Amino acid sequence: NWDEEYNVTPLRKYTSVELFAGGGGLAIGMEKAGFHHILLNEFDKAACNTLRTNRPNWNVLEGDIHNVSFKEYEGKVDFLSGGFPCQAFSLAGQRLGFDDNYKGMCRGTLFMEVARLCEYHKPKVIFCENVKGLVIHDRGGTFKIICKTFEDLGYKVFYKVLNSKNFGVPQNRERIYVVAFRNDIAPETFEFPEMTD
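Since the structure is predicted, the reported quantities are computational estimates derived from the model, not experimental observations.

**Regarding the sheet that holds strand 3 (residues 60-62)**
One open sheet accounts for 7 strands, arranged 3-2-1-4-7-9-8; its pairing is mixed. Looking at which strands have only one partner, the edges of the open sheet turn out to be strand 3 and strand 8 (155-163). Mean inter-strand twist for the sheet, computed between neighbouring axes without regard to direction, equals 15°. The pairing of strand 4 (residues 79-82) with strand 7 (residues 125-131) spans 4 bridges and is classified as parallel.

**Focus on the environment of T50**
Residue position: T50 is located in helix 3 (residues 45-54). Separated by 26 residues in sequence, T50 and G24 place their C-alpha atoms 7.9 Å apart.

**Looking at the packing of aromatic side chains**
What characterises a pair of aromatic rings is the spacing of the ring centres plus the angle enclosed by the ring planes. Considering all chains together, one arrives at 10 aromatic pairs under this definition. Measuring from ring centre to ring centre gives 5.0 Å for F190 and F192, while their planes differ by 85°; the resulting arrangement is edge-to-face. Judged by its relative accessible area of 28%, F190 falls in the partly exposed class. One aromatic cluster is present, built from ring pairs that chain together Y14, F35, F79, F127 and Y177. Between R55 and the ring centre of W58, over which it is positioned, the NZ or CZ distance is 5.6 Å.

Parameters at a glance
Residues numbered from 1 in each chain as written. Predicted model: local features only at pLDDT ≥ 70, side-chain atom pairs only at ≥ 80, totals over all residues. Heavy atoms only, no water. Pairing = 2+ DSSP bridges. Helix = DSSP H or I, 4+ residues; strand = E, 2+ residues; numbered from the N terminus. Axes fitted to C-alpha atoms, helices over the stretch in contact; angles between N-to-C directions. Phe/Tyr/Trp six-rings, centres within 6.5 Å; stacked < 30°, edge-to-face > 60°. Buried < 20%, exposed > 50% of the residue type's maximum accessible area, 1.4 Å probe, protein only. Lys NZ or Arg CZ within 6 Å of the ring centre and 35° of its normal.

This is the structure we're talking about:
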């Protein structure tokens, strides 16, 4: 029931770190849901300029995620989100997966940077989104590695492919959504939002 969802009030100010923030589409949605971003990391200069222009008070850290220590955020992260680069798994690309290199950076392994933050800071909840092709890449092997990595780090994983056109958005955009809860607070089941159309 979307009307009930809109009226939910957070019990406290929940903190969020977003990786691969891009121009802030996901971050703005999380802000509207009541999350307080303590850090957004993005590699692309133009995207960082967009973030800073639209939200001057956000802590935008521009640069290669491999060089970010995240040490000062230890114990402070409730929610970690990030749509790690999807070109390596997209049906429209070459689908090189973990072997995908672009400008000297292996885009296919950037998911491991999400895992690195999770290993050290144990956020309560992780949210990742990616292209639908990730689910079938390498006959499902790549996605199994991602889920197993989260499980090995102490998380219970839920996932589902959703299409934005079924949620009142005027575009046909299928994505895989992964929600992982730390085992000590993980629910038995997780229900993804009901379709509006």
